[in-house]
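So you can see what is in the structure, the chains are spelled out below.
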Amino acid sequence: MLTYDILIVGSGGAGLYAALESRMEEDLQVGVLTKVYPTRSHTGAAQGGVNAALANLDPTDTWQDHWFDTVKGSDYLADQDAAEIMTREAPMVVREMEHWGCPFSRTDEGKIAQRPFGGASKPRACFSADKVGHVMLHTLYEQGIRHGVNFLNEWQVLSLMHDGQRCQGVTAINTQTGRVHTIQAKAVILATGGHGRIYWTRTSNALGNTGDGTAIAYRAGLPIKDMEFIQFHPTGLRRTGILVSEGARGEGGFLLNGLGERFMSRYAPEKMELGPRDLVSRSCETEVRAGRAGPEGEVFLDLAHLGRERILERLPQIRELCIEFEGVDPIEEPIPIKPTAHYSMGGIHTDLNGQTSIEGIYAAGEAGCVSVHGANRLGGNSLLDILIFGRRAGKHALEYARNNSFVPVDTGQEEADTQMIASMMEGDSGASIADIRRGMGNLMAEKVGVYRNGKDLESAVSELADLQEQFKTVRIQDKTKAFNTELVAALELKNMLDLAEVVAVGALERKESRGAHTREDHPERDDENWLAHTMAAMGDDGRPKLDFTPVTITEFEPKARTY
Ligand SMILES: Cc1cc2nc3c(=O)[nH]c(=O)nc-3n(C[C@H](O)[C@H](O)[C@H](O)COP(=O)(O)OP(=O)(O)OC[C@H]3O[C@@H](n4cnc5c(N)ncnc54)[C@H](O)[C@@H]3O)c2cc1C
């Protein structure tokens, strides 16, 4: 049996920062287990920026401005104590990244460059051209290697184990051998990223963003929070959903409808293209519904007026993606775009230290929900969240592991998981993984998308239950043990189906419109009845059961949200 004092699941920004924090002070056994090679983690795809009120561009910017923008952006669902910690500590972690060698773009005076981002009152997104996630991930990985972090690459966690009170560890399959192992750990930090892939056919997320850690925690009886809040990013490429960063609008890009009008003047006359994402995505969809779309139901992002030089200097990767995946060069013509499922505001419920309801089990990053983003995340705040709360989870787990002993664990879960895989490998398939996955993605995009209503949501819940039944008949055709990607896909699909169901049930239950959750049949925000977090737990029948808990309000009373 493998044993670690602290096991971190996931090697994106949150997992790596947690690993560094838990490695630096103490000689404990710390392992990072990840299903993809660390530098392939999704953090590396982040393009536009990480927020911190450094005031390098606008000297009047303060962390308090950042705090308020975050709470307002969240449509007042963020916990204000958590948002305060994040925004107050932001300059410190960004400077720490800088000292570790992260190559940020620079102002003429040599300071870290900052650009405007949606929903922000001041330009505070620190960037590195349009590759900020890439440089952050590589910097953190280098530091991990330097500090002797132990990596288990290409291992996939299957189950989380606890005795009802304290952490015992996990089971995981080594993809290189196909063998399931028990890994005992005093503390486990789940940093497995988001679940945007539940919108399979319409998302900006990497293939691996299947919400594994969140689903595993849910099945292990830990509450998951605010799952109905899924962010749609307004500027996904029309045919693939691949992201065109908000940095493109931060640099001065215009949104145009099929008639060539800058339509944001109808919806956010002050902020225009730099309104928050929920508002801009709704505006794009409204233009399409009003018959003012392009020929394929798209609207357009126009960058051509920025000029060749600026596009090549600030947005080189965006240009390449547009040429490769849409056949359009933004230097010459507008980019066809559609909103794309982008970010999971909900996740595993934690306190301010990343601690879940079970001692020794932590969650951080997009997999977790300390609730700094509430009903709508601001661009640039996720990379910040993973640094701040990855760090806090690592720090707290270190303290916990130092002061607690191992909880005994047997191999019962390992045997159950081995048996579950063996039965999936036996016989011929009744249903196809690809068909179920496509069905799930299509129905989520159509019925649990930017605009939602009770009738569609009811039908989504029932169709997802059917897909769950079909999944029980899935059998793996590829019988090899090593690098069985069909098995990986099946295990991920199981996780996505569980989470898609929680998202749809939560959306059906929440009878108001707030942030990214827009109900056509309940168009107003309803603070009297719905200023609350949704907590989902798996019931005895395997279906989600919902409960609600209050939002922490310390400074800003909810008020109407205009831009
Ligand atoms: C295209 C794109 C651009 C973005 N740009 C920005 C931006 O400019 N600014 C910003 O603030 N945010 C941005 N975001 C959001 C931000 O990048 C992510 O929210 C953030 O990087 C998530 O980091 P993470 O560490 O939580 O997870 P990830 O980076 O997704 O890492 C998850 C890790 O978990 C591992 N894992 C998953 N499941 C398992 C399992 N079962 N077993 C073992 N390991 C597992 C994976 O291997 C991976 O290492 C962007 C998102 C997208 C999609």
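Scroll up to find the structure.
Conventions we followed
- Residues numbered from 1 in each chain as written.
- Predicted model: local features only at pLDDT ≥ 70, side-chain atom pairs only at ≥ 80, totals over all residues.
- Heavy atoms only, no water.
- Near = heavy atom within 4 Å.
- Polar contact = N/O pair within 3.5 Å; in protein donor to acceptor, adjacent residues only side chain to side chain.
- Areas by Shrake-Rupley, 256 points an atom, 1.4 Å probe, with all protein chains shown as cover.
- Helix = DSSP H or I, 4+ residues; strand = E, 2+ residues; numbered from the N terminus.
- Nonpolar A, V, L, I, M, F, W, Y, C, P; charged D, E, K, R; others polar.
- Buried < 20%, exposed > 50% of the residue type's maximum accessible area, 1.4 Å probe, protein only.
- Contact = heavy atoms within 4.5 Å.
- Pairing = 2+ DSSP bridges.
- Phe/Tyr/Trp six-rings, centres within 6.5 Å; stacked < 30°, edge-to-face > 60°.

## Examining the site of the ligand
Around the ligand sit 39 residues in total, of which Ser41, His42, Thr43, Glu366 and Ser382 are the nearest. Between a nitrogen atom of the ligand and a main-chain N or O atom of Gly49, the distance comes to 2.8 Å. A distance of 2.8 Å separates an oxygen atom of the ligand from a polar atom in the backbone of Leu383. Notes on the ligand: free accessible area 1,000 Å², of which the protein chains cover 98%. Top contributing element to the shell around the ligand by residue count: helix H10 (residues 381-403), with 4 residues. When grouped by side-chain class, the residues that make up the shell around the ligand number 13 nonpolar, 22 polar and 4 charged.

## Section: the environment of Thr554
In this structure, Thr554 sits in the segment after strand E21 (544-550). With relative accessibility at 45%, the residue Thr554 sits in the partly exposed group. For the pair Thr554 and Asp79, spaced 475 residues apart in the sequence, the C-alpha separation amounts to 8.4 Å. Filtering out sequence-adjacent residues up to four positions away, Thr554 remains in contact with Trp67, Gln80 and Asp81.

## Topic: the environment of Ser128
With respect to the helices and strands, the residue Ser128 is situated in the loop between strand E5 (125-126) and helix H4 (132-146). Along the sequence, Ser128 and Gln114 sit 14 residues apart, while their C-alpha atoms lie 9.3 Å from each other. Here Ser128 is in contact with Pro103, Phe104, Ser105 and Val135, once residues within four sequence places are set aside. Among the polar contacts listed, one links the side chain of Ser128 to the backbone oxygen of Pro103, at a separation of 2.8 Å.

## A short note on the sheet that holds E5
The strand order across the open sheet formed by 3 strands is E3-E5-E4, and the pairing between neighbours is antiparallel. Across the chains shown, the open sheet's two edge strands, defined by having one partner strand only, are strand E3 (50-51) and strand E4 (114-115). The sheet contact formed by E4 and E5 spans 2 bridges and is antiparallel. Its bridge partner being in E5, Gln114 is matched across the sheet by Cys126.

## Description of the packing of aromatic side chains
For the structure shown, the criterion picks out 9 aromatic pairs. With 6.0 Å between their ring centres and 70 degrees between their planes, Tyr37 and Tyr141 make a pair best called edge-to-face. Here Tyr37 is found in the loop between strand E2 (30-34) and E3, whereas its partner Tyr141 is found in helix H4, with 104 residues between them in sequence. Exposure remark for Tyr141: the relative accessible area of 14% places this residue in the buried category. Both rings, one in Trp67 and one in Phe556, keep their centres 4.9 Å apart while their planes meet at 70 degrees; by these two values the pair is edge-to-face. On the criterion of sequence distance, the pair formed by Trp67 in helix H2 (residues 63-73) and Phe556 in the segment after E21 is long-range, its members being 489 residues apart. With respect to class, Trp67 is no different from Phe556; both count as buried.

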